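# Reading the structure
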Amino acid sequence: MTLRVAIEGISFWAPRLPGWDIARAVILGEQAPPETPSPRPSPTLLAPTERRRAPDTVAVALEVAVRACEASGRKPSDLPSVFASTHGDLAISDYMCSTLATTPTLISPVKFHNSVHNAAAGYWSIGTGSLAPYTAISAYESTFGEGLVEAATQVVCENRPVLYVAFDIEAKGALSTMAPSRGLLGAALVLAPVIQSQQQRSLILTTESVAECQPTPARSAAAPLVADNALAPCLPFFEVLASSSPRTLCLALSRNTALNVQVN
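Residues numbered from 1 in each chain as written. Predicted model: local features only at pLDDT ≥ 70, side-chain atom pairs only at ≥ 80, totals over all residues. Heavy atoms only, no water.

## Thoughts on the layout of surface pockets
The volume enclosed by the largest pocket comes to roughly 210 Å³. Contributing to the lining of the largest pocket are 15 residues, with Pro15, Arg182, Gly183, Leu225 and Val226 lying nearest its centre. In the lining of the largest pocket, the residues fall into 10 nonpolar, 2 polar and 3 charged. (1 Å grid on protein atoms, 1.4 Å probe; cavity = no way out; pocket = protein on both sides within 12 Å on 5 of 7 lines; lining within 4 Å. Points joined across faces, edges and corners; volume = space filled by probe spheres on them. Nonpolar A, V, L, I, M, F, W, Y, C, P; charged D, E, K, R; others polar.)

Here it is in structure tokens:
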């Protein structure tokens with residue numbers, strides 16, 4: 001399989017890397033990360049009532065989705081989207097499990113509403129008024145790579161731009177021992193068909209069967225700032241994007257399948 005797509009918009013958010021401009025500068029060694037972590041983003045895309053109810057997953061996912069669309073110049077409501085999260089909202093999942101085990105009649109309808117894996121995608125559709133299709137995907141440690149392939153495949157097959165959003169948040173309670181994750185991390189891309197007459201940054205994605213996948217490790221000063229988050233495997237990809245020169249990296253699709261990404 002070979003997929004080639006253009007990159008029209010990039011965004012990134014973590015508490016000490018709050019925005020792609022800051023993250024890129026830290027990755028390139030041009031500045032130190034802020035000492036004080038930023039508070040979680042406020043999803044201004046939503047009405048005040050929905051904003052108050054929005055969990056961390058929705059807050060960080062909508063933040064990077066909006067910024068990627070702004071960077072691309074695309075209208076958010078026009079774009080099909082792919083939302084990828086390793087665990088979804090583990091804090092709410094832990095609440096649901098513990099409440100069902102002890103006082104099931106006290107389950108919060110709002111938390112139940114936000115517990116589904118596609119909650120962020122649903123809020124995005126509501127906030128943008130979008131009728132475009134969306135996909136919600138999870139693939140454990142290979143989530144970022146699998147989501148990238150899904151988004152690129154839709155671009156190539158449908159010949160139209162696609163928004164790709166990936167995010168994970170802090171794990172809570174008993175579930176954190178089985179599915180550890182710390183802090184907030186979100187990233188997004190607007191991918192589009194390659195136009196030969198235009199100078200665009202682009203990706204060439206190829207898959208390869210291997211005895212054991214060896215993903216490219218993160219090496220920049222940004223690495224320890226997101227290392228404990230479940231979505232940390234995405235950082236090497238953004239380290240390559242931060243550079244203006246062509247480079248190639250490897251992401252995992254499974255233990256025996258590698259995704260080779262050439263960034264031009």
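## Regarding the pattern of salt bridges
Considering all chains together, one arrives at 5 salt bridges under this definition. For arginine 67, the salt bridge goes to glutamate 63, with nearest N and O atoms at 3.0 Å. On the criterion of helical spacing, the pair formed by arginine 67 and glutamate 63 is a turn pair, its members being 4 residues apart in helix 3 (residues 56–72). The partly exposed category is assigned to arginine 67, whose relative accessible area is 38%. Owing to a relative accessible area of 17%, glutamate 63 belongs among the buried residues under this scheme. Among the ionic pairs, arginine 67 bridges to glutamate 70, the shortest N-O distance being 3.1 Å. (Salt bridge = Lys/Arg side-chain N within 4 Å of Asp/Glu carboxyl O. Helix = DSSP H or I, 4+ residues; strand = E, 2+ residues; numbered from the N terminus. Buried < 20%, exposed > 50% of the residue type's maximum accessible area, 1.4 Å probe, protein only.)

## Looking at the packing of aromatic side chains
For the structure on display, the rule yields 6 aromatic pairs. For the ring pair phenylalanine 144 and phenylalanine 237, a centre distance of 5.5 Å and an interplane angle of 55 degrees mean the geometry is tilted. Of this pair, phenylalanine 144 sits in helix 7 (residues 143–158) while phenylalanine 237 is found in helix 10 (residues 235–242), placing the two residues 93 residues apart along the sequence. Residue class for phenylalanine 237 comes out buried when judged on its relative accessible area of 0%. With 6.0 Å between their ring centres and 55 degrees between their planes, phenylalanine 144 and phenylalanine 238 make a pair best called tilted. You can see phenylalanine 144 sitting in helix 7 and its partner phenylalanine 238 sitting in helix 10, a full 94 residues away along the chain. Assigned by exposure class, phenylalanine 144 and phenylalanine 238 land together as buried. A network of ring pairs unites the aromatic residues Phe12, Trp20, Phe144, Tyr164, Phe237 and Phe238 as a single cluster. The side chain of lysine 111 reaches across the aromatic face of tyrosine 95, ending 5.4 Å from its centre. (Phe/Tyr/Trp six-rings, centres within 6.5 Å; stacked < 30°, edge-to-face > 60°. Lys NZ or Arg CZ within 6 Å of the ring centre and 35° of its normal.)

In short, the description is geometric, and any link to function would need to be established separately.
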